[in-house]
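Close look at the chain arrangement
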Amino acid sequence: MYLEHRQSLYRSLSEAIPDDYYTVEIGKAPVVREGKALTVVTYGMRYKGEKVVAELGIDAEIID
């Protein structure tokens, strides 16, 4: 499933952006939350994923 809500996604939060070019190696993405029931992979919607997992009470791993 793919979900992208532009208004909510692009205007709700902001973080520092590195000045230099950067990449994230495959297998090195940050694990935001440990879990055993399922894995949620987020791309720019980390906070939404955390909120949904917490609201549903799912033991889910979140990778951003």
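Residues numbered from 1 in each chain as written. Predicted model: local features only at pLDDT ≥ 70, side-chain atom pairs only at ≥ 80, totals over all residues. Heavy atoms only, no water.

As summarised here, the arrangement of the three strands in space is β1-β3-β2, forming an open sheet in which the pairing is mixed. Lying at the two open borders of the sheet, with one neighbouring strand each, are β1 (31–33) and β2 (38–41). Adjacent strand axes in the sheet meet at a mean angle of 30° when their direction is disregarded. For β2 and strand β3 (residues 60–63), the ladder comprises four bridges, and the chain directions are parallel. (Pairing = 2+ DSSP bridges. Helix = DSSP H or I, 4+ residues; strand = E, 2+ residues; numbered from the N terminus. Axes fitted to C-alpha atoms, helices over the stretch in contact; angles between N-to-C directions.)

Another aspect to go through is the environment of Gly49. Structurally, the position occupied by Gly49 is in helix α2 (residues 46–56). Overall, the relative accessible area of 12% leaves Gly49 in the buried class. Distance in space between the C-alpha atoms of Gly49 and Asp64 is 9.3 Å, their sequence separation being 15 residues. Other than its neighbours up to four places away in sequence, Gly49 contacts Thr42 and Ile62. (Buried < 20%, exposed > 50% of the residue type's maximum accessible area, 1.4 Å probe, protein only. Contact = heavy atoms within 4.5 Å.)

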